[in-house]
Every structure is written in C-alpha cells, then in structure tokens.
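Fold and contact review
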Amino acid sequence: MDIKEIKSKFPIFTNKVKGKKLVYLDSANSSQKPKAVIDRISNFYSKEFSNVGRSMHSLAVTATNRFEETRDLIKNFINAKSREEIVFTKNATEGINLIATTYGEKFIQDKDEIIITELEHHANYVPWHFLRKRKGAVIKFAECDKQGEVSVDSIKKLITNKTKLIAVTHVSNVTGTILPLNKIIDLAKTKKIPVLIDGCQGAPHLKLDVQKLDCDFYVMSCHKMYGPTGVGVLYAKKKWLDELPPYQGGGGMIDEVKKDDISFPESPTKFEAGTLQTAEIVGFAESIRFIENIGIKNITQHEKEITEYGLEKLKKNNSVSIIGDPKERGAILSFTIKGIHPHDIATILDDDGVAIRAGHHCCQILHEKMGIPATARASLGIYNSKEDIDILNESINKCNKIFNN
Amino acid sequence: MDLKELYKEIILDHGKNPRNKKKCDGFNKDAKGNNPLCGDKVHVFLKLNDEKQVEDISFEGEGCAISIASASIMTEIIKGKDFNVAKKILENFIYMLKVGSKPSINSLTDNENTTIMSLSGVKQFPMRVKCATLAWHTFLHAAEDNKKVVNTEK
C-alpha cells in the first residue's frame with residue numbers, strides 16, 4: 001500500500017501550517033477529506049442538485065437516486081440486512097439521541113436501568129441523562145480498569161431484571177480500547193437486552209458486519225470516515241425501527257395528515273424529517289468508495305502498524321506516560337508529559353505543524369476516574385506514516401526543552 | 001507567533017511555582033470558574049475588607065501553564081489594591097489580550113507592569129486567551145458576590 005499516494009488524494013496536505021508540513025494526528029476528532037469527496041459535493045451542486053424524494057422533475061429523480069445510492073453503499077459497507085435499516089442523522093450524537101428519545105419514550109419507565117461504561121464519550125451519556133431526568137431511569141456505569149479495559153464481567157454484574165438497554169462504545173476515543181463487543185452482545189442476548197454501539201471510533205477503522213455482530217443499534221459519524229460534516233448514520237434492526245415512534249416531526253416523514261390524526265410511513269422515512277444534508281450524503285458515497293478501494297482491512301492493518309510504532313517510540317521517551325494499556329487498541333495514543341499540561345503540549349506541537357487534541361475529549365467521567373484532568377491525544381488516519389510519529393516525538397522533546405524538564 | 005512570546009521565563013516560573021496557591025486565611029468571598037472545553041478549573045478566595053480593599057487573595061485549581069501563571073500573577077498584583085483599582089487592572093488586562101493595548105495603570109509599579117505584560121504574548125494565540133482570563137473573571141465574580149460559576153464558553 002502506497003501511503004504517499006493515498007495521502008496525495010487529500011488536498012489539505014498541500015498546505016503548510018505555520019510554515020511547516022501538516023502532521024495531522026486528530027482524526028478521532030474529525031478526519032480530513034479526499035478530493036473525490038470534496039469534488040463530488042461541488043459537482044452535485046453544480047450539475048445535479050435538487051431536493052430529494054419530493055418533486056417529479058428530472059433533477060429531483062437524479063438527486064434522489066444519488067442520495068439513495070449512498071444508503072445502499074452504507075448498507076453493504078456494514079452488511080446490514082436491508083437498506084431500510086439505515087437512517088440518516090446529522091451525526092452519531094443525533095443517532096444516540098434518537099434512540100434515547102424514542103426507545104426511552106416507549107420502553108423506559110421509572111427505575112428502569114441503562115448500562116453504559118466509564119469509557120463513554122459524553123454523546124453516549126448525556127442523552128441517557130436526559131432520560132434519567134425525564135423518566136426516572138437509572139444509569140449504571142460499567143467500570144474500566146487501569147489498563148482502560150471494560151470486562152464483560154463488569155457489565156454482567158450490573159445487569160438486573162430492570163436493565164432495559166446496554167449502550168457501549170466500540171472503541172474508546174481516549175484509551176483506544178477496543179471493547180469485547182461479541183461477548184457483551186452474547187451476554188445481552190441471553191438476557192434479551194438490546195445493545196447500542198457508539199461506533200464513532202470503530203466504523204472508520206475496523207471491518208464491520210452488523211449482522212454478525214448482532215447489535216440492535218450502531219451509530220456513526222461520517223465526518224470521522226473521510227466524509228462530510230453534518231451526516232451521521234443510525235443502523236437499527238428493522239424490528240426496532242418498526243416499533244419505535246418517530247423522532248422529529250415535519251415534512252417527508254408523514255404518510256397521511258388529517259386535522260385530527262397523522263399516520264407515518266415505514267422506516268427509514270419515518271425518522272428522516274425535513275430536508276436532510278443532501279449534498280453531504282451524496283458526497284459521503286465517495287468516502288465509502290475511498291475506504292473500499294483501499295480496503296478497510298488494509299486500513300486497520302496500516303493504522304495498527306503506525307500505532308504500534310508510536311507506542312514503542314513514545315514508551316522510550318521517559319517523560320511520556322501513555323494512557324491505558326488495552327490488549328486490543330485502535331488508532332489512538334493518548335498521553336501526558338510529566339510537568340507539562342496537555343494544552344501547553346498542544347500549543348507547542350502546533351508550532352511544529354503537529355495537530356493533536358488536548359483536554360478531556362468529551363470524557364470527563366473517564367478522566368475523573370483516572371485522576372487526571374486532561375490528556376494529549378494523537379489519533380491516526382490512513383494518511384499517517386511513521387515519519388509523522390517521528391515528528392511528533394521530536395516535538396514532544398521540544399516541549400521538554402521549553403519547560404526545562 | 002513565536003512560542004517564546006508565550007512561554008516566557010516569568011510565565012514558566014509562575015506556572016511551575018504558583019504564588020498564593022492555597023485557601024487564604026480569613027477569606028470572606030470566593031468563586032469558581034470552569035473552562036469546560038479544556039477541563040481547567042479555578043477557585044478564587046478573597047478577603048475584601050470594609051474599605052473594599054483586597055486584603056488577601058489566593059486560588060486553587062488545575063490547568064495549563066498559562067492559566068496557572070495568570071492566576072498566580074493576578075494574586076500577586078491585586079493583593080493590597082483597592083477593589084476599584086483591581087477592577088481597572090482586570091479590564092486593562094482583558095483588553096490587552098483581546099485588543100492588544102498596553103495596560104496603563106498609574107498605581108502599578110514598574111515591576112508589576114513587567115509581570116502583567118509578560119502575558120501579552122497570549123494575544124497571539126487566540127485559543128489560549130480563555131486560559132489566561134479565567135482566574136480574572138472568577139476574581140470579579142468573587143468580589144461582586146456573583147454565585148454563578150464562571151464558564152468560559154458563555
């Protein structure tokens with residue numbers, strides 16, 4: 001695999017940051033976009049744009065076809081059973097809010113329990129908190145250990161006959177831990193508890209087969225998958241989408257509207273109110289094609305190699321502490337440097353063109369557990385190379401020099 | 001945008017050895033401040049006497065070198081000042097970070113001026129302005145009995 005050639009497909013890397021070559025290590029936050037995706041959006045607006053699913057004219061037919069083509073591509077990408085199981089949202093956050101709202105409305109009563117983990121991003125906690133406030137639900141946190149692992153047992157011991165949902169991340173956006181989803185879902189099945197997966201850090205990096213995984217819900221954010229912002233995907237088993245009430249009301253999601261009653265269509269239409277991010281959804285088709293042309297397994301392999309190289313390199317750097325030591329790690333390396341706050345690290349790295357994220361990464365529960373207010377995080381994409389890690393390491397040394405460590 | 005403008009010796013010193021980082025004895029006012037995007041936290045303690053003079057000021061908290069240094073420098077400069085003078089220093093300080101003019105407070109000694117000016121480089125790093133102003137906004141909340149937690153994102 002020629003990473004240089006792949007990287008050349010991303011126009012952003014032709015720019016300099018502070019006169020330096022861009023070393024982008026913030027893909028867990030949002031990935032960069034290949035030219036094909038950018039061009040597709042531009043071309044769609046230039047040549048094919050119209051609203052979808054409403055008008056009869058030729059442009060509307062073309063636009064609708066392009067839009068629905070993305071749904072088919074996603075269906076195949078994650079191996080969903082049917083295209084009706086793919087709901088477009090604005091991001092993974094909205095996907096979780098959709099389930100928390102609709103599933104909460106229908107199935108959650110006072111004192112019912114929802115299990116999440118201490119690793120969760122705020123997007124997979126706050127929507128359940130709303131449900132706690134609104135319906136008296138109880139949120140239980142499965143503990144993560146020092147390595148950053150959440151064991152199946154830590155979830156198992158929280159399950160009671162009040163447990164109505166287990167919502168866990170696929171990959172931690174801080175420790176990089178890949179959760180034992182198969183075991184968690186197997187366990188949940190024996191107790192007939194549905195499982196929601198926050199796939200933000202999973203879908204861009206790991207082979208996904210939702211039928212094999214057998215999860216009930218899986219959410220993703222397309223902007224982390226070399227795609228446009230403003231698009232997310234909610235995968236849900238058809239039986240759930242049939243059973244759950246609509247989320248938002250408006251145009252496009254109705255069947256028949258009368259003064260005294262309204263009926264709704266089947267999924268996914270029922271959950272897609274109003275005009276969606278049409279051009280972005282069309283553009284996302286190119287992201288899927290981009291990933292598939294490389295091959296998701298090749299992406300996993302490449303990122304694993306760079307992650308391991310980074311781990312090895314940073315572990316040799318005495319001032320650096322790596323956060324978490326999971327057996328299975330995604331393309332994420334969070335770290336701290338003795339005596340230097342992560343914000344200061346981020347500012348100094350930025351001076352070398354190295355883009356990382358510093359802070360709590362929307363995981364305050366986890367940071368409190370670890371007893372550190374903030375961490376620095378380097379996260380990888382297909383365009384990263386060992387050279388990027390070398391530059392990162394050099395820049396870390398510069399932090400130490402400035403702070404006289 | 002030179003890193004040396006940001007991480008001056010004096011800032012690194014205050015960041016590593018912050019002054020007045022404790023709960024001061026006999027404080028009669030206090031306030032908290034958060035920078036929710038970063039997780040920075042500060043708690044300012046204030047002893048304001050009947051003449052509205054800052055008899056003592058201190059802080060506790062966690063944050064980056066810039067936020068800790070700024071809090072430390074603030075306590076050094078404001079201690080002993082009348083509240084109205086302190087408020088003027090604060091206004092000039094924030095103006096310096098956002099607009100860039102030099103604070104010209106007659107009541108500041110040359111030494112104090114040099115210390116406060118050491119933070120002027122923060123202006124070149126817009127993402128870090130919030131770090132530098134957090135403690136100062138929190139001081140104002142404490143002095144004015146504003147019970148709301150300062151939030152840099154509001």
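All values reported here derive from a predicted model rather than from experimental measurement. (Residues numbered from 1 in each chain as written. Chains lettered and ligands numbered in written order. Predicted model: local features only at pLDDT ≥ 70, side-chain atom pairs only at ≥ 80, totals over all residues.)

**Concerning the overall build of chain A**
- The helix and strand tally for chain A stands at 14 helices and 17 strands.
- Relative to the compact-globule value of 22 Å for 405 residues, chain A shows a C-alpha radius of gyration of 22 Å, a close match.
- Judged by the C-alpha coordinates and their principal axes, chain A covers about 75 × 55 × 35 Å.
- Among the 405 residues that make up chain A, the fraction classed as buried is 50%.
- Intrachain contacts of chain A at a sequence separation of at least 6 include 72% that bridge at least 24 residues. (Helix = DSSP H or I, 4+ residues; strand = E, 2+ residues; numbered from the N terminus. Rg over C-alpha atoms; globule rule 2.2 N^0.38 Å. Buried ≥ 20, exposed ≤ 12 C-beta atoms within 10 Å, placed from the backbone. Contact = placed C-beta atoms within 7 Å.)

**Structural notes on the sheet that holds strand β7 (residues 163-169) of chain A**
Residue and element names in this part refer to chain A.
- An order of β4-β10-β9-β8-β7-β5-β6 is seen for the seven strands of this open sheet, with the pairing classed as mixed. Across the chains shown, the open sheet's two edge strands, defined by having one partner strand only, are β4 (86-89) and β6 (138-142). Adjacent strand axes in the sheet meet at a mean angle of 20 degrees when their direction is disregarded.
- Across four bridges, the pairing between β4 and strand β10 (residues 232-236) is antiparallel. Of the residues in β10, the one forming a bridge with Phe88 is Val233. (Pairing = 2+ DSSP bridges. Axes fitted to C-alpha atoms, helices over the stretch in contact; angles between N-to-C directions.)

**Let's talk about the environment of Phe45 of chain B**
- You can see Phe45 of chain B is positioned in strand β2 (residues 40-48).
- Separated by 20 residues in the primary sequence, Phe45 of chain B and Asp25 of chain B place their C-alpha atoms 9.2 Å from one another.

**Remarks on the domain arrangement of chain A**
Residue and element names in this part refer to chain A.
- Domain parsing of chain A yields domain 1 (3-26 + 296-402) and domain 2 (39-293).
- Its C-alpha centre places domain 1 at a distance of 28 Å from the equivalent point of domain 2.
- On the domain 2 side, the residues contacting the 24 residues of domain 1 number 24 residues.
- Every element with two or more residues in the side of domain 1 that touches domain 2 is listed here: α11 (296-316), β14 (332-337), α13 (364-370) and β17 (375-379).
- Top element by residues in the side of domain 1 that touches domain 2 is α11. It accounts for five residues. (Domains from an automatic or database assignment.)

**Observations regarding the confidence of the model for chain B**
- Per-residue pLDDT for chain B averages 91, and the proportion of residues at 70 or more is 95%.
- Here the complex is predicted with pTM 0.94, and the ipTM for its interfaces comes to 0.89. (pLDDT = per-residue confidence, 0-100.)

**Quick notes on the sheet that holds β2 of chain B**
Residue and element names in this part refer to chain B.
- Taken in spatial order, the four strands line up as β3-β2-β1-β4 in an open sheet, and their pairing is mixed. Edge positions in the sheet fall to β3 (54-62) and β4 (150-151), since each of these pairs with one other strand and no more.
- Alignment of β2 against β3, held across eight bridges, turns out to be antiparallel. Paired with Leu48 across the bridge in β3 is Val54.

**Thoughts on the pairing of strand β1 (residues 29-35) of chain B**
All names here are of chain B.
- Alignment of β1 against β2, held across seven bridges, turns out to be antiparallel. Residue Lys29 lies in a different strand from β2, and its bridge partner there is Leu46.
- Hairpin connection between β1 and β2: a loop of four residues separates the two successive antiparallel strands, and Gly39 in this loop has a positive phi of roughly 90 degrees.

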